[in-house]
Each structure stands twice: as structure tokens, then as C-alpha cells.
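Coordinate analysis (summary)
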Amino acid sequence: MTVVVVILAIVVVLLAVLVAGLLRSHAEILRQLHDLGAGMGGGATAPGPDPGVPATEVNRPRTDGRVPAPASGVPDGRRAVDIVGTGPRGESLAIRTIEVEHDTVLVFLSTGCTTCSTFWSDLQDPELPAGTRLVIVTRNPDEELPATVLDLAPAGSTVAMSTQAWDDLRVPGSPFVVHVHGPSGRVIGEGTAASWDQVLELFLRAGGDQRLGGGKASADARRERELDRVLLEAGIAPGDPSLYPATEDGGTDPADRSGG
Amino acid sequence: MRLNGHGLSADLPRGWEGTISLDRSDEALTLAGMGGSLRPVAHLATFPLPGGRGDFGSGAVELMRTEDVFVALVEYAEEEADTPLFARQGMPRHLDPRRFSNRSLQRGIAGQVGWQVFFTEAGRAFCLYVVLGDGEDVHLLVRKVEQVLTDVRIEPRS
């Protein structure tokens, strides 16, 4: 009798594991279908692009799954909003993002979220395309400590504390990035990733948009700075003979030194 | 878009943005520590205002394009109101383009022109400082400034 009970218990446990696995698989399929834009029931479909913006100007929302995805029901190319709020020093701010010549990248951050911590430091050198403005947006001072925001924010950066902006743009969590096309006042990209560098690669530099062409130049400059740093650490300064190809007589070719 | 703070407010026309902050310079903080209060500084501009600006726009006016304008409204100590320097009553909402010159700039930048005026309004002492991005286009740019000044309000100190 005991043997039968034990066997039945084992079978029940195995079945439970099997069911749990199937449910997990089902949930994963639903999540991926949702990410692909498939609707659920009633013939409903995922929101399409806002008719006010050509589809080619819209970057698809992106996320690597570890950070918040755009809220469902948010149409591509929707109208953005100007940002009204306060700064961490108590200043009143009214920041124009729509119907202006420049683009604005709004980075929604929190002081407490783990993923945000690298964003705060990486935004010291955001490497945005020329003519693009960066604005960090946190929630209101009654939800975030202004002193902490001030400590974390890069020097000289523009920080707006505005829960209204989070609500208006339906920001699902932090970190989150919204790219506003100034002249049209439309959101042309939104989403996030685990690091600012991933945001740049996956999101802001996506789509081959010529307006974002500065991204490559910016990446080249970064690589050059990194190479300079490595060489300097190795004791190789600008003009060091080892940087130039040797000529047949063992010296360096002066012609190569004047190039570049 | 409405900007509001420290007894100042402005309805910003299309293309304008602004900030109203408190002067936290060493001098201002020292005076505040001696029983004074921190004075508000409003900046209104037709271009993205960068962080870390000076009261009179240093750090910002360098970024202006020729079609841009910058306005600073800087409050002075309350006891300065109605003194000879601040004898003018009310902020001017209409400006005389002939008064703008390169010599009036706090920070001389080629091509730009500026003008400043001291006044008292609502019992408070202010300096209005305006920079135009192109001295060759003063009339048009002055009209742009007047457009925003029309809707600037100064409330009495509470």
C-alpha cells in the first residue's frame, strides 16, 4: 500500500512539473506574440502608426526584456508633449520639445532602480547626435529626493522632475527613453535596454535615419579616445616612433607621419 | 505652456521655453545666510537652455542662432525697489529697437546685440536683460521678445 501511495505521489509531482512547464511555455508564446504586435480576441490588432507620421520615420519600440516595454495601446508616432515640472534645485521648468527644430531625447530615470544607476553615470557623455537635446526626467519631488537626483545627475545636465510627463507619455517604468522629433512633435522612438550604450545601439542609432548619422561619428570618436587611452597607458604618446611603419633603413617614414 | 514660480509667471508662446530658479551664487547664499532671501532669476529663450547658466545667460547665449532671442529677468534685494536705479515703474512690454547694441552685452559675442533696463514692479526690483541673436535683424527679433513679455506677470512678494 505504501509503495502505491509513493508511486502515485511521484506521478502527481511529475504531472505538476509538466503542467507548470506547459503554462510557462504558453506564457512565453503569448508574450512574444504581444511583442510582435498580435492582438488578442475580437479581431483587435496592436495599435498602428499614428497617421500623422510616415511609417519610415518611426523606430519600433525595443527592449531586451529585462526592462520595461512600452505600454500596450500606445500608437507609433504619437504626439509628444512639452515638459513642465521642477528641477532638483527647486527651479520651475518649461521645456519645449514639440514644434522646435531640434530633437529631444527624454530619459526617464529613478534614483532607486538598479538598472538606472549605470544610466546616470553614462549620461555624463551621452554621445547623442549633434543637435539632439538630452533631458532627464524623474518623478515629482514628493516621490524622488531632489538631493539624491542632484547627486546622481551629470553636471550641467537638464533634469526635470515631472510625474505629469511620465503620465502624459505613458512611461511604463524606468529606465525608459522617448525620442521626440522636434519639427513634427511626434515620438519617433521609444523603449529601453539594460544600459545606455544598448539604447544608443538598438534604439537611437536604428533605422538608418540620416538625422541620426552623428551616431557613427560619435562611436568613432569614442573608439579613438579608447585607443588613445590604451596607448597612453602603455607609455606610447603621440609621435612615438612605434606608431609609424619602419622604412628599409630602419627609421620611420616621415610621409606616413604627416597623414591622417 | 505656462511657467510659474517665486511670484513670476509667463505664458510661453510657441517656440519658447523657460526656467525660474533661485540665484544660488556664493554672494546670494551669503546674503541669505544673513537674513536675506534667495532671489529668483527667470530665463526665457527660443532655443534649448543648457544647464549651468549664469544669471545673465553666460553658457546659453553662446548657443544662440541668429534667429534666437534670450530674456533674463533678475530680481534684486527687496530694499532696492523704488531706489534711483530702479525708479522706472513697471517692466517695459514694448521695446525700442534703437536701444539695442553690442556694447550692452554682458558677454560680447559677434553679431549679437543686447539691452537692459532696471525697474520696480509690484514692489520688487528687477533687471530685464535681453539678447538678440542678430544685430542686423533687430526689429523682427524685438517683436519676438515683446510677444513673450506681454504675458509675463510679476506678483507682489507674499
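What counts and what doesn't
Residues numbered from 1 in each chain as written. Chains lettered and ligands numbered in written order. Predicted model: local features only at pLDDT ≥ 70, side-chain atom pairs only at ≥ 80, totals over all residues. Heavy atoms only, no water. Phe/Tyr/Trp six-rings, centres within 6.5 Å; stacked < 30°, edge-to-face > 60°. Helix = DSSP H or I, 4+ residues; strand = E, 2+ residues; numbered from the N terminus. Buried < 20%, exposed > 50% of the residue type's maximum accessible area, 1.4 Å probe, protein only. Core = buried A, V, L, I, M, F, W, Y, C linked by side-chain atoms within 4.5 Å. Contact = heavy atoms within 4.5 Å. Buried area = accessible area lost by both parts, 1.4 Å probe. Salt bridge = Lys/Arg side-chain N within 4 Å of Asp/Glu carboxyl O. Polar contact = N/O pair within 3.5 Å; in protein donor to acceptor, adjacent residues only side chain to side chain. Nonpolar A, V, L, I, M, F, W, Y, C, P; charged D, E, K, R; others polar. Pairing = 2+ DSSP bridges.

Once that is clear, we can look at the packing of aromatic side chains. All names here are of chain B. A complete count under the given rule lists eight aromatic pairs over all chains for this structure. Ring geometry for Y76 against F86: centres 5.4 Å apart, planes inclined by 50°, an arrangement best described as tilted. Of the two residues, Y76 sits in the loop between β5 (69-75) and β6 (113-121) while F86 sits in the loop between β5 and β6, which places them 10 residues apart along the sequence. Between F100 and W115 the ring centres are 6.0 Å apart and the planes differ by 50°, which places this aromatic pair in the tilted class. A residue pair is termed long-range when its members are at least 10 positions apart, and F100 in the loop between β5 and β6 and W115 in strand β6 qualify at 15 residues. Side by side, F100 and W115 carry an identical accessibility label, which is buried.

This part covers the nonpolar core. One broad rule of soluble globular proteins: the nonpolar side chains tend to lie buried together. Ranked by size, the top nonpolar core spans 31 residues in total, and within it L73, F100, L128, L132 and L149 of chain B carry the most contacts. Contributing elements (two or more residues each) for this core: β2 (8-11), β4 (40-45), β5, β6, β7 (124-132), α2 (138-149) and β8 (152-154) of chain B. Element by element, the count of residues in this core is highest for α2 of chain B, at six residues. Counting 20 residues, the second-largest nonpolar core is a separate cluster that includes L134, A153, V177 and W196 of chain A.

With 18 residues of chain A in contact, the opposing surface of chain B contributes 22 residues. Roughly 1,400 Å² of surface becomes buried between chain A and chain B when both sides are summed, with 48% attributable to carbon and sulfur atoms. Per-residue buried area on chain A facing chain B is highest for S92, A94 and R96 of chain A; these three make up 40% of the total on that side. Across the chain A-chain B interface, the total number found is three salt bridges. Notably, a salt bridge pairs E101 of chain A with R65 of chain B, separated by 3.0 Å at the nearest N-O pair. At the surface where chain A touches chain B, the tally comes to 11 residue pairs in polar contact (both at pLDDT 80 or more). Secondary structure elements with two or more residues in the side of chain A that touches chain B: β1 (83-86) and β2 (92-95) of chain A. Per-class residue counts for the side of chain A that touches chain B are five nonpolar, six polar and seven charged. Of the pairings in the sheet, the one linking β2 of chain A to strand β3 (residues 17-22) of chain B comprises three bridges and is antiparallel in character. Counted as the bridge partner of L93 of chain A is T19 of chain B from β3 of chain B.

Residue and element names in this part refer to chain B. Tracing the chain through its elements places R93 in the loop between β5 and β6. Within the local environment of R93, its side chain forms a polar contact with the side chain of E121, the two groups lying 3.1 Å apart. For R93, the side chain forms a polar contact with the main-chain oxygen of V152, separated by 2.6 Å. Residue contacts for R93: discarding those within four places in its chain leaves E121, E146, L149, T150, V152 and R153.

This next bit is on the pairing of β3 of chain B. Relative to β4 of chain B, β3 of chain B runs antiparallel, the two being bridged by six bridges. When the bridges of β4 of chain B are listed, T19 of chain B appears paired with H43 of chain B.

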